[in-house]
Amino acid sequence: QVQLVETGGGLVQAGDSLRLSCSASGRSSSMDTMGWFRQAPGKEREFVGAIRWSGGSTYYADSVKGRFTISRDNAQNTVYLQMNSLKPEDTAVYYCAAGPFRAGITRYGGNYDYWGQGTQVTVSS
C-alpha cells in the first residue's frame, strides 16, 4: 500500500517561493510517475506537473512552466515541488499522487492510483 504525505504548505506573499515535499512509502517500481495537482476553492482539480522516478523526465502545466520545478530523491522516496514567483492565483490545496507511467495521460488525475491528503498553499497579494 502506497502512502503519500505532503508537507511544506503555508502562507506567503506574491513573489515569494515555497517548496513542497511528498514522501512516498510502500512505493513499488510500477508506480513510476509522481504527479502534483492542485485544487482552488470552487474550481476543478488541475494538473501542475509530474516526474518519473526512472529517468527523471518532468512534465509541467503551461501555467507554472518556468516558475515551478519538480525534482526527486530516489533514495529518500521523496518528490519536491519548488514554487518560485508565486502568484495569488497559485492559492490552492496541493496534492501529490502516484501512478504508473502511461504515455499521453500523465496530466490526468485518472492515471494516478494513490493520493496524499493535500497541503494548503496561500499566496497573498
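Higher on the page you've got the structure.
None of the values given here were measured: they were computed from a predicted structure. (Residues numbered from 1 in each chain as written. Predicted model: local features only at pLDDT ≥ 70, side-chain atom pairs only at ≥ 80, totals over all residues. Heavy atoms only, no water.)

(A) Spotlight on the environment of Pro-88. When you line up the elements, Pro-88 lands in the loop between β8 (78-83) and β9 (92-99). Residue classification places Pro-88 among the partly exposed residues on the basis of a relative accessible area of 36%. Here the alpha-carbon distance between Pro-88 and Gly-26, two residues 62 residues apart in the chain, equals 35 Å. Excluding residues within four positions of it along the chain, Pro-88 makes contact with Ala-14, Val-123 and Ser-125. (Helix = DSSP H or I, 4+ residues; strand = E, 2+ residues; numbered from the N terminus. Buried < 20%, exposed > 50% of the residue type's maximum accessible area, 1.4 Å probe, protein only. Contact = heavy atoms within 4.5 Å.)

(B) Just the sheet that holds β8, in detail. Strand order in the open sheet made by the 4 strands is β1-β3-β8-β7, with antiparallel pairing throughout. Since the sheet does not close on itself, it has two edges, and those belong to β1 (3-7) and β7 (68-73), each with one partner. Strand-to-strand twist of the sheet, defined as the mean angle between neighbouring strand axes without regard to direction, takes the value 15°. In this structure, β7 lies alongside β8, joined through 6 bridges in antiparallel fashion. Of the residues in β8, the one forming a bridge with Ser-71 is Tyr-80. (Pairing = 2+ DSSP bridges. Axes fitted to C-alpha atoms, helices over the stretch in contact; angles between N-to-C directions.)

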